Amino acid sequence: MKKQITMPRLRPEMKAGILCAWTVSPGDAVRAGDCLFEVETDKVVSQIEAVEDGVISQFLAEEGDEVAVGAPVAILETHP
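Residues numbered from 1 in each chain as written. Predicted model: local features only at pLDDT ≥ 70, side-chain atom pairs only at ≥ 80, totals over all residues. Heavy atoms only, no water.

(A) Summary view of the pattern of salt bridges. The tally for this structure, following the rule as stated, stands at four salt bridges. Between Arg11 and Asp42 there is a salt bridge, and its shortest N-O distance comes to 2.5 Å. Separated by 31 residues along the polypeptide, Arg11 in the loop between strand E1 (2–6) and strand E2 (16–22) and Asp42 in the loop between strand E4 (35–41) and strand E5 (44–49) bring together distant segments of the chain. Take Asp42: its relative accessible area is 61%, and that puts it in the exposed class. The residue Asp53 makes a salt bridge to Arg31 at a minimum N-O spacing of 3.8 Å. Taken together, the positions of Asp53 in the loop between E5 and strand E6 (54–59) and Arg31 in the loop between strand E3 (29–30) and E4 put the pair 22 residues apart, joining distant regions of the chain. The exposure class assigned to Arg31 is exposed, which follows from its relative accessible area of 56%. (Salt bridge = Lys/Arg side-chain N within 4 Å of Asp/Glu carboxyl O. Helix = DSSP H or I, 4+ residues; strand = E, 2+ residues; numbered from the N terminus. Buried < 20%, exposed > 50% of the residue type's maximum accessible area, 1.4 Å probe, protein only.)

(B) Examining the environment of Leu76 more closely. Looking at the secondary structure, you find Leu76 in strand E8 (residues 72–77). A C-alpha to C-alpha distance of 10 Å links Leu76 and Thr6, two positions 70 residues apart in sequence. Those residues in contact with Leu76 that lie beyond four places of it in its chain are Met1, Lys2, Lys3, Ile5, Val30, Glu52, Asp53, Gly54, Val55 and Ile56. (Contact = heavy atoms within 4.5 Å.)

(C) Looking closely at the sheet that holds E2. Pairing is antiparallel in the open sheet, where four strands are placed in the order E5-E4-E2-E7. Only two strands of the sheet have a single partner each, and these edge strands are E5 and strand E7 (66–68). When the angles between neighbouring strand axes are averaged without regard to direction, this sheet yields 40°. Relative to E4, E2 is paired through four bridges, and the arrangement is antiparallel. Of the residues in E4, the one forming a bridge with Trp22 is Phe37. (Pairing = 2+ DSSP bridges. Axes fitted to C-alpha atoms, helices over the stretch in contact; angles between N-to-C directions.)

(D) Expanded view of the packing of aromatic side chains. Applying the stated criterion across every chain yields a total of two aromatic pairs. Aromatic side chains Trp22 and Phe59 sit 3.8 Å apart centroid to centroid with 10° between the ring planes, which places their arrangement in the stacked category. Of this pair, Trp22 sits in strand E2 while Phe59 sits in strand E6; the two residues are 37 residues apart in sequence, bridging distant segments of the chain. Overall, Phe59 belongs to the partly exposed group, its relative accessible area being 25%. Clustering of aromatic rings is evident, with ring pairs tying together Trp22, Phe37 and Phe59. (Phe/Tyr/Trp six-rings, centres within 6.5 Å; stacked < 30°, edge-to-face > 60°.)

Okay, structure coming up:
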């Protein structure tokens, strides 16, 4: 099953974040808790973790992109 990974809201007033760096690549298997990417907001960089196991099938945002909260950044292929 394909699931979208979206830009999280890290603070109540957050509207967007800059995707600083991917720490995985398409085709990588990830487990819940693995770091997927880093987001910069107001000069603070936060690591975003996977919430479930799967395989990263596609990136929808690139490093350096400003991404709105809730917008998809990647596709995770999970197994039922």
